[in-house]
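Geometric and topological summary
The residues making up each chain are set out below.
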Amino acid sequence: MDVDAASFARTVLNWYRRYGRHDLPWQQQDAYRVWLSEIMLQQTQVSTVIPYYQNFIERFPNLGQLADADIDEVLQYWQGLGYYARARNLHKAARVVRDEHNGRFPRTFDAVAALPGIGRSTAGAILSFAFGQCWPILDGNVKRVLARCFRVPGWYGQSDTMKQLWYLAESVTPEQQAPDFNQAMMDLGSMVCLKSKPKCEACPLKKLCSSYLHHSQAEYPQRKPSRAKPHKHTLMLLHRHGDQILLWRRPPSGIWGGLWSLPEVDDEHAIELWQQSFLSMAQTQRVIQDSVIRHQFTHYSLDISLAIIEMEQLPEQVSDEENYVWVDIEALANHGLPTPVRKLLTTLQD
Ligand code: SF4
């Protein structure tokens, strides 16, 4: 590294004092709120997070109330934010803190990093923002700033690249003022060193930034050579009886884990078998609507077709009744549903 770490930190901190964000709702708050914000901010932008954060805090104002809540309700408050494993881990971690740390958020790196859903960067951010400790962080914004400033080769999935980025993050984070420095680096990444078209002319680091000086900003961070996104298809079953529809609770892991959704089969031929297995009846009156929604996941796209099945009567029983429920369509808001499924049902309601 051929940049003076102290001058790097000073430059970033001076910029932060004037241009950084000082009034985010989770700043200068207790560890619970800092932790919640850090989890919500993983993979989600600040402007999207703010209303979710505020609703969540209103319903679960402290860690004890989150730990005591039912996971279904937690998921309901998370719906729309995506990456639902974050909510399940948050809830699990709240219970670990309640049961194993007497309800007090731990203050050591190892104890924080041992909580579900908390990696090295998130642990550093929580300890830094909540307790003023000096830990480096490496979220997406910080990685981008460092990768460009120091022209770090490789992509984030490569361990050598990550080792170098962590080394740089440790080197430039000042002992004093680590919380401000960490916030400043995140702000720089999200406000100035943008993914495409970084605003280099307005950047305080331009005199120190190696990729700026070499006119190679667009080459960093390097991207993993891309493969075409696979394409998947599913057929969702909308069983309807008057105003009631049948919902299915998805397994806790995997996409939309733990959320309520519609039962799914691979194709039309599997519908009858599914009905015999789960509803002990066969019902043949149905309308299939092909590929009504395409949803993009990070690693693949999913086409959802819909089979609308009008039931003349409700079945006497549903197998696996813990994970199936008949719900009045007006009461859907009480269930955490994946966004595309909610959209689909809202369209049908309209
Ligand atoms: S000079 Fe440009 S590329 Fe370098 S850190 Fe600043 S915004 Fe990013």
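Residues numbered from 1 in each chain as written. Predicted model: local features only at pLDDT ≥ 70, side-chain atom pairs only at ≥ 80, totals over all residues. Heavy atoms only, no water.

1. Examining helix H6 (residues 85-100)
Residue pairs three or four apart in sequence face the same way in an α-helix, which turns once every 3.6 residues. The test is simple: Strands here mean DSSP runs of E at least two residues long; helices mean DSSP runs of H or I at least four residues long; both are numbered from the N terminus. To estimate how far a helix should extend, the number of its residues minus one is multiplied by 1.5 Å. Accessibility here uses a 1.4 Å probe with only protein chains present; expressed as a share of the type maximum, an area under 20% marks a residue as buried, one over 50% as exposed, and anything in between as partly exposed. Pairs of residues are marked as contacts when any of their non-hydrogen atoms sit within 4.5 Å.
Taking 1.5 Å of rise per residue, 16 residues should cover 22 Å, and H6 covers 22 Å from first to last C-alpha, within 8% of that figure. Inspection of H6 places Arg-86, Ala-87, Arg-88, Leu-90, His-91, Ala-93, Ala-94 and Val-97 among the buried residues, and these make up the whole buried set. Residues of H6 that are buried in the fold lie against helix H2 (31-41), helix H3 (46-59), helix H4 (63-68) and helix H5 (71-78). At the exit of H6 stands Asn-102, carrying a positive phi of roughly 55°.

2. Examining unusual backbone geometry
Residue Pro-221 is bonded to the preceding Tyr-220 through a cis peptide linkage, with omega at -10°. Mapped onto the secondary structure, Pro-221 falls in the loop between helix H12 (210-213) and strand S1 (231-241). Of note in the backbone geometry, His-215 takes a positive phi value of approximately 55° without being a glycine. Inspection of the secondary structure puts His-215 in the loop between H12 and S1.

3. Quick notes on the site of the ligand
We apply this condition: Whether a residue is near a molecule or strand depends on its heavy atoms: if one lies within 4 Å, it is near. When residues are grouped by polarity, Ala, Val, Leu, Ile, Met, Phe, Trp, Tyr, Cys and Pro land in nonpolar, Asp, Glu, Lys and Arg in charged, and all others, Gly among them, in polar.
The local shell around the ligand consists of Arg-148, Cys-149, Cys-193, Pro-198, Cys-200, Cys-203, Lys-206, Cys-209, Tyr-212 and Gln-217. Among the residues making up the shell around the ligand, the classes are represented as 7 nonpolar, 1 polar and 2 charged.

4. Brief notes about a negative patch on the surface
For clarity, the threshold we go by: What goes into a patch is any residue over 30% in relative accessible area without a salt bridge, connected to like charges within 9 Å or, for nonpolar side chains (Val, Leu, Ile, Met, Phe, Trp, Tyr), within 5 Å. Using a 1.4 Å probe, the Shrake-Rupley method yields the accessible areas, and only the shown protein chains count as cover for residues. Take a side-chain nitrogen of Lys or Arg and a carboxyl oxygen of Asp or Glu: if they are within 4 Å of each other, that pair is a salt bridge. In this tally Asp and Glu are treated as negative and Lys and Arg as positive; neither His nor the chain ends contributes. A charged residue contributes its charge at one atom only: NZ of Lys, CZ of Arg, CG of Asp or CD of Glu.
Negative charge collects at one region of the surface, where Asp-266, Asp-267, Glu-268 and Asp-290 lie side by side. Here Asp-267 lies in the loop between strand S4 (264-265) and helix H13 (271-279).

5. Observations regarding the nonpolar core
Stated formally: Residue types Ala, Val, Leu, Ile, Met, Phe, Trp, Tyr and Cys, when buried and joined through side-chain atoms within 4.5 Å, form a set referred to as a nonpolar core.
Within the largest apolar cluster, 58 residues are counted, with the highest numbers of intra-cluster contacts made by Trp-35, Phe-56, Trp-78 and Phe-105. A total of 6 residues in this core trace back to one element, the largest contributor, which is H2. Aside from chain neighbours lying at most four places away, what touches Trp-35 is Leu-63, Leu-66, Leu-90, Ala-93, Ala-94, Phe-105, Ile-118 and Ile-126. Residues Tyr-16, Val-145, Met-186 and Cys-203 belong to the second largest nonpolar core, which totals 34 residues.

6. A short note on the pattern of salt bridges
Applying the stated criterion to the full structure yields 10 salt bridges. Note that Arg-120 is salt-bridged to Glu-170, the shortest N-O span being 2.7 Å. With Arg-120 in helix H8 (residues 120-131) and Glu-170 in helix H10 (residues 159-172), this pair connects stretches of sequence that are 50 residues apart. Using a relative accessible area of 37% as the deciding quantity, one classes Arg-120 as partly exposed.

7. Notes on the packing of H3 against H5
Two packed helices can be described by the angle between their axes and the distance between those axes. Defined as follows: Between the N-to-C directions of two axes lies an angle of 0 to 180 degrees, each axis being a line fitted to C-alpha atoms and, for a helix, fitted only over the stretch in contact. Orientation categories follow fixed angle ranges, with anything under 35 degrees roughly parallel, anything over 145 roughly antiparallel, 65 to 115 roughly perpendicular, and all other angles oblique.
Packing of H3 against H5 leaves a shortest axis separation of 9 Å and a crossing angle of 150°. Here H3 lies roughly antiparallel to H5, going by the angle between them. Counted together, Tyr-52, Asn-55, Phe-56 and Arg-59 of H3 and Glu-73, Val-74, Tyr-77 and Trp-78 of H5 form the full contact between these two elements. Per-class residue counts for the contact of H3 with H5 are 5 nonpolar, 1 polar and 2 charged.

8. Focus on the state of the cysteines
Put simply, the rule reads: Here, a disulfide means two cysteine sulfur atoms that sit within 2.5 Å of each other.
Inspection of every chain in the model, using the stated rule, returns 0 disulfides. Note on Cys-149: no disulfide assigned, nearest cysteine sulfur contributed by Cys-209 at a separation of 4.1 Å. Its relative accessible area of 3% is what places Cys-149 among the buried residues.

9. Let's talk about helix H11 (residues 178-191)
Taking 1.5 Å per residue, 14 residues should reach 20 Å; H11 reaches 19 Å between its end C-alpha atoms and fits that length. With 10 of 14 residues buried, H11 lies mostly within the body of the structure. Among the residues of H11, those classed as buried are Ala-178, Phe-181, Asn-182, Gln-183, Ala-184, Met-185, Met-186, Asp-187, Leu-188 and Gly-189. Close packing links the buried residues of H11 with helix H1 (5-19), H2, H8, helix H9 (140-149) and H10.

10. Describing the packing of aromatic side chains
Spelled out, the test is: Two aromatic rings, drawn from Phe, Tyr or Trp (for Trp, its six-membered ring), form a pair once their centres lie within 6.5 Å of each other, and the interplanar angle then sorts them: stacked below 30 degrees, edge-to-face above 60, tilted otherwise. In this scheme, the term charge over a ring applies when either NZ of a lysine or CZ of an arginine sits within 6 Å of the ring centre and within 35 degrees of the ring normal.
What the rule picks out here adds up to 13 aromatic pairs. The structure contains a cluster of three or more aromatic residues connected by ring pairs, namely Phe-56, Phe-60, Tyr-77 and Trp-78. If you follow Arg-120 out to its NZ or CZ, it ends over the ring of Trp-166, 3.7 Å from the centre. The side chain of Lys-232 reaches across the aromatic face of Tyr-300, ending 4.2 Å from its centre.

11. Description of the domain arrangement of the protein chain
For clarity, the cut-off: Domains are outlined according to an automatic or database domain assignment. Throughout, the accessible surface (probe 1.4 Å) given up by two parts as they are put together, summed over both, is called the buried area. Any N or O atom pair separated by 3.5 Å or less is treated as a polar contact, with the protein-specific requirement of one donor-capable and one acceptor-capable atom, and with residues adjacent in sequence counted only for side-chain atom pairs.
If you check the domain split of the protein chain, you get domain 1 (5-219) and domain 2 (231-349). Its C-alpha centre places domain 1 at a distance of 36 Å from the equivalent point of domain 2. With 8 residues of domain 1 in contact, the opposing surface of domain 2 contributes 18 residues. Between domain 1 and domain 2, the buried area comes to about 840 Å², and carbon and sulfur atoms account for 39% of it. If you sort the residues of domain 1 by the area they bury against domain 2, Gln-79, Tyr-84 and Arg-88 come out on top, with a joint share of 51%. At the junction of domain 1 and domain 2, the tally comes to 1 salt bridge. A salt bridge links Arg-249 to Asp-72; its shortest N-O distance comes to 2.9 Å. Here domain 1 and domain 2 share 7 residue pairs in polar contact (both at pLDDT 80 or more) between them. Broken down by element, the residue count for the side of domain 1 that touches domain 2 peaks at 3 residues, all from H5. Looking at the side of domain 1 that touches domain 2, its residues break down into 3 nonpolar, 3 polar and 2 charged.

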